[in-house]
Amino acid sequence: MLRVTDLHKTYGRTEVLKGVDFTVERGEVKALLGPSGSGKSTILRLMALLERPDRGEILLGGRRLGVQATGGRVVHLGERELARQRTDIGMVFQKFNLFNHLDALHNVMLGLTQVRGVKRAEAKEQAAAMLARVGLAERARHFPSELSGGQQQRVAIARALVMNPSVMLFDEPTSALDPELVGEVLAVMEQLAADGMTMVVVTHETRFARRVANEVAMFDSGSIVEQAPPDEFFDHPRHERTRKFLEHVH
Ligand code: ADP
Ligand code: MG
């Protein structure tokens, strides 16, 4: 479903991604672990088409994203076409990024009406259904300031899901939450995985990764140093770097 090959990204003189390769099969969950500053958010931003790679390819369902081949030449897509491709990739950020002047329902509707051109009544119906799916049917008319962090993050998940994406990317979705609110967000994500969504999740929640991920990858200094199914990854890490990291997060 999602394939990344030889992905490179440099900011100024900092080589943040040094040739990253990985594949997520349809319906599978890949967890990305790694220390702060190792490039985890960067790779998600590239996959979400929020930034361009310097080199390498991102393929979604066999289609190369962000570029168009015309007469043998590869051309970067314009903003309009990029915006359309982005709707096929749902992204959930650490800090929710909701619009504070809109209630939950209107936050979820926005992509449908603005990007997809869906009629308001139809968008409202779909948004309400999606809020119900994340357990927030009763909170549809609440503004972000009237919702807990866990509820806000579930609105953000509903907002991404309502676009019916092929893949969902999560960037430390529970890191900004009070501990007692982490579980409700992870429960929604686990249900989503059980429903067959293809997901990439950057997380420090190793118990979640063990339970839900099909594969876990260890990121360090802009490369994947190790990836394996969760039991193998957590019980028999092969690399010293992974062992050291796991000692800290366990
Ligand atoms: P992680 O999510 O693993 O903590 P990031 O992908 O956020 O890591 O960042 C990796 C490195 O890239 C860090 O050194 C960070 O300072 C740098 N970086 C990220 N985004 C930018 C940017 N827009 N401009 C310059 N440097 C950046
Ligand atoms: Mg990050």
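Residue indices follow the written sequence of each chain, beginning from 1 at its first position. Chains and ligands are labelled by the order in which they are written, letters from A for the one and numbers from 1 for the other. Residue-level local features of this predicted model are given only where pLDDT is at least 70; pairs of side-chain atoms are given and counted only at 80 or more, and the full residue set underlies all totals for whole chains, interfaces and linings. To get the side-chain values, all heavy atoms of the structure are used, and hydrogens and water are removed first.

Help me understand the nonpolar core in this model?
Soluble, globular proteins show a tendency: their nonpolar side chains are buried together. The biggest cluster of nonpolar side chains holds 52 residues, and the ones touching the most others in it are Leu131, Ile157, Met168, Phe170, Met189 and Met199. At 8 residues, helix H6 (residues 179–194) tops the list of elements feeding residues into this core. Dropping the residues within four chain positions of it, Ile157 is found in contact with Val92, Val134, Met168, Phe170, Val185, Val188 and Met189. The set of buried Ala, Val, Leu, Ile, Met, Phe, Trp, Tyr and Cys residues whose side-chain atoms join them within 4.5 Å is what this entry labels a nonpolar core. Between buried and exposed lies partly exposed: a residue is buried under 20% and exposed over 50% of the maximum accessible area for its type, with that area taken using a 1.4 Å probe on protein chains only. Within the second largest apolar cluster, 29 residues are counted, among which are Leu7, Leu32, Leu49 and Ala217. Only runs of H or I of at least four residues qualify as helices and only runs of E of at least two qualify as strands under DSSP, and these elements are numbered from the N terminus. When checking whether two residues touch, look at their non-hydrogen atoms; a contact exists if any pair is within 4.5 Å.

What exactly am I supposed to notice about the sheet that holds strand E12 (residues 223–228) here?
Reading across the sheet, the 6 strands line up as E8-E9-E10-E3-E11-E12 and stay open at both edges, with mixed pairing between neighbours. The open sheet has two free edges, formed respectively by strand E8 (89–92) and E12, since each of these has just one partner strand. Looking at each pair of strands side by side, their axes are set apart by 20 degrees on average, direction ignored. Bridge analysis of strand E3 (residues 29–33) against strand E10 (residues 198–202) gives 4 bridges, and the strand direction is parallel. Residue Val29 lies in a different strand from E10, and its bridge partner there is Met199. Contacting E3, E8, strand E9 (167–171), E10 and strand E11 (215–220), helix H1 (residues 40–47) crosses the sheet at an angle of about 150 degrees to E9. Paired strands, in this sense, are two strands between which DSSP finds at least two bridges. The axes used here are C-alpha line fits, helices contributing only the stretch in contact, and every angle between their N-to-C directions lies in the interval 0 to 180 degrees.

I'm lost on the side chain of Asp220 in this one. Help?
Note on placement: Asp220 falls in strand E11. Each polar contact in these results corresponds to two N or O atoms within 3.5 Å; when the atoms are within protein, one needs to be able to donate a hydrogen and the other to accept it, and residues that are neighboring in sequence are counted only if both atoms are side-chain atoms. A polar side-chain atom of Asp220 sits 2.9 Å from a polar atom in the side chain of Arg241.

For this particular structure, what's the right way to read the environment of Val216?
Structurally, Val216 is set in strand E11. A relative accessible area of 0% places Val216 in the buried class. Among residues more than four places away in sequence, those in contact with Val216 are Ala31, Leu33, Ala209, Glu226, Gln227, Ala228, Pro230, Phe233 and Phe234.

Explain the site of ligand 1 here, please?
Definition of nearness: a residue and a molecule or strand are near each other if at least one heavy atom of the residue lies within 4 Å of the molecule or strand. Residues in contact with ligand 1, as listed here, are Tyr11, Val16, Pro35, Ser36, Gly37, Ser38, Gly39, Lys40, Ser41, Thr42 and Arg45. Within the backbone of Gly37, one N or O atom sits 2.6 Å away from an oxygen atom of ligand 1. At a separation of 2.5 Å, an oxygen atom of ligand 1 approaches a polar side-chain atom of Thr42. Using a 1.4 Å probe, accessible areas were evaluated by the Shrake-Rupley method; residue-level cover was limited to the displayed protein chains. Notes on ligand 1: free accessible area 560 Å², of which the protein chains cover 60%. Residues of the shell around ligand 1, tallied by class, amount to 3 nonpolar, 6 polar and 2 charged. Charged residues are taken to be Asp, Glu, Lys and Arg, nonpolar residues to be Ala, Val, Leu, Ile, Met, Phe, Trp, Tyr, Cys and Pro, and polar residues to be all remaining types, Gly included.

Is there a simple way to explain the pattern of salt bridges in this structure?
Side chains that carry opposite charge are capable of pairing whenever their charged atoms lie near each other. A side-chain nitrogen of Lys or Arg and a carboxyl oxygen of Asp or Glu constitute a salt bridge if their distance falls within 4 Å. This structure, assessed with the given rule, holds 16 salt bridges. The residue Arg64 makes a salt bridge to Glu57 at a minimum N-O spacing of 3.6 Å. A relative accessible area of 29% places Glu57 in the partly exposed class. Among the ionic pairs, Arg84 bridges to Glu81, the shortest N-O distance being 3.1 Å. Taken together, the residues Arg84 and Glu81, both in helix H2 (residues 79–86) and 3 residues apart, mark about one turn of the helix. When salt bridges that share partners are traced, they join Arg210, Asp231 and Asp235 into one network.

I keep staring at H6 and nothing clicks. Help me out?
An α-helical segment advances 3.6 residues per turn. Residues three or four places apart therefore align on the same side. For H6, which comprises 16 residues, the first-to-last C-alpha distance of 24 Å matches the rise-based estimate of 22 Å (1.5 Å per residue) to within 8%. Within the span of H6, buried status applies to Leu181, Val182, Val185, Leu186, Val188, Met189, Leu192 and Ala193. End-on view of H6: buried residues confined to an arc of 155 degrees, all on one side of the axis. The exposed residues of H6 that point more than 90 degrees off its buried face are Glu180 and Ala194. On the buried face of H6, the contacting elements are E3, helix H4 (120–133), helix H5 (149–161), E9, E10 and helix H7 (206–212). The length a helix should cover is 1.5 Å for every residue beyond the first. What the arc describes is the spread of directions from the helix axis to the C-beta atoms.

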